[in-house]
Amino acid sequence: MKFKSIAGAVALLAAGAVAHGASAATTLLFENFDSEATTLNWGGNGNFAVGSPPGSVDLIGNGYFDLYPGHGNYVDLDGSTGNGNNPAGQLISTQMFGPGSYTIEFLLGGNNRGAGARTTTFTLGDWSTSVGPLASNSGLAAYSFSFTTATAGALTITQTGPSNQQGNVIDDIRVSAVPEPATWAMMIVGFGAAGAMVRSRRKLALAAA
């Protein structure tokens, strides 16, 4: 009975790997900025550094220049360091990501102050995409991009210029690793080997009985 239970568990694990392999992902980075103190010209934290000086970003929300009430803290990607900077502001992840398959998710909205539409660019390794131009009143919306990069790099989020201190707003940034199909294939082979070992031990036990 014990061998049947082990074999059954192995079979269930293999079936689960096949059924969920395409969607399974491991979160490598998540930042919602809610544990940070709001401030103009934010200096970054353990997850994100601020690049592209003299461009800057502002950490606002939760009653402080709160453009999207109810969303906690978030980043205005065009900070309060003047006009004409290009790029206007930039977040760079402190974590480096190797070659592989990833999913990036985030909330991104317009400046919500009546300024012109703005575009934000996302880069990781040799992958890059742009969102926008987003109208001022576009509202925070969820975005998700899945991609594969052949080169390593940090996640870089860039607010294109020239700056006018009214950039797009970003929140809830998540980077997840998606296992390659070959990885799942290796796992399934491993499950099969474990099952074969269980069957072999059962035969030996029956022969010895």
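Reading guide: rules and limits
- Position labels on residues start from 1 in each chain and follow its written sequence.
- With the structure being a predicted model, the display of local features is reserved for residues of pLDDT at least 70 and the display and counting of side-chain atom pairs for 80 or more, all residues being used for whole-chain, interface and lining totals.
- Only heavy atoms go into the side-chain values, all of them from the structure, while hydrogens and water stay out.
- In this text, helices come from DSSP runs of H or I with a minimum length of four residues, and strands from runs of E with a minimum of two, each type numbered from the N-terminal end.
- Partly exposed describes any residue whose relative accessible area lies between the buried limit of under 20% and the exposed limit of over 50%, with all areas from a 1.4 Å probe on protein chains only and scaled to the type maximum.
- Note on definitions: a residue-residue contact is assigned when non-hydrogen atoms from the two residues lie within 4.5 Å.
- The Shrake-Rupley method, run with a 1.4 Å probe sphere, supplies the accessible areas, and residue values consider only the shown protein chains as cover.
- One bridge is not enough; two strands pair if DSSP finds at least two bridges between them.
- Helix axes are fitted only over the stretch in contact, all axes being lines through C-alpha atoms; the angle between N-to-C directions runs from 0 to 180 degrees.
- Whenever a carboxyl oxygen of Asp or Glu lies within 4 Å of a side-chain nitrogen of Lys or Arg, that contact is scored as a salt bridge.

> What exactly am I supposed to notice about the overall build of the chain here?
Looking only at helices and strands, the chain features two helices and 11 strands. Going from the N terminus to the C terminus, the chain shows its helices and strands as α-β-β-β-β-β-β-β-β-β-β-β-α. Taking all 209 residues of the chain together, the buried fraction comes to 39%. If you take every contact in the chain between residues at least 6 apart in sequence, the share linking residues at least 24 apart comes to 75%. As displayed, the chain has an accessible area near 10200 Å², and 59% of this comes from carbon and sulfur atoms.

> Sorry if this is basic, but what is going on with the side chain of T119 here?
With respect to the helices, strands and loops of the structure, T119 is situated in strand β7 (residues 118–124). Judged by relative accessible area, which is 18%, T119 ranks as buried. Ignoring sequence-local partners within four residues, the contact set of T119 consists of S130, V131, G132, P133, T158, Q159, T160 and N168.

> Help me understand the environment of Q165 in this model?
Along the chain, Q165 turns up in the loop between β10 (153–159) and β11 (169–177). Under the relative-accessibility criterion, Q165 is labelled partly exposed at 28%. Considering only alpha carbons, one finds Q165 and G84, 81 residues apart in sequence, at a separation of 9.3 Å. Each residue touching Q165, except ones within four places of it in the same chain, is listed here: D76, D78, G79, S80, G82, N83 and R113.

> How should the sheet that holds β7 be read in this particular structure?
Pairing between the strands of a sheet is mediated by backbone hydrogen bonds and can be parallel or antiparallel. Sheet architecture is open: five strands sit in the order β2-β5-β10-β7-β8, paired in antiparallel fashion. The outermost strands of the open sheet, each flanked by one partner alone, are β2 (48–50) and β8 (127–134). Taken over all neighbouring pairs, the strand axes of this sheet differ in orientation by 15 degrees on average, direction set aside. When β7 meets β8, the two strands line up antiparallel, connected through six bridges. Looking at the pairing, T120 lines up with V131 of β8.

> Sorry, what's going on with the pattern of salt bridges here?
When the charged atoms of two side chains lie near each other, side chains of opposite charge can form a pair. The full count for this structure, using the stated rule, is two salt bridges. The residue R113 makes a salt bridge to D76 at a minimum N-O spacing of 2.6 Å. Here R113, found in the loop between β6 (100–109) and β7, pairs with D76, found in strand β4 (residues 73–76); they are 37 residues apart in sequence, far enough to count as distant. Take D76: its relative accessible area is 1%, and that puts it in the buried class.

> Could you clarify how one ought to interpret the pairing of β6 in this entry?
Side-chain positions along a regular strand alternate between the two faces of the sheet. Among the 10 residues of β6, nine are classified as buried, and the element is accordingly described as predominantly covered. Where β6 and strand β9 (residues 141–149) come together, nine bridges link them in antiparallel fashion. Residue pairing across strands places L107 opposite A142, the latter belonging to β9. Summarising the sheet, β6 and β11 pair through seven bridges and their orientation is antiparallel.

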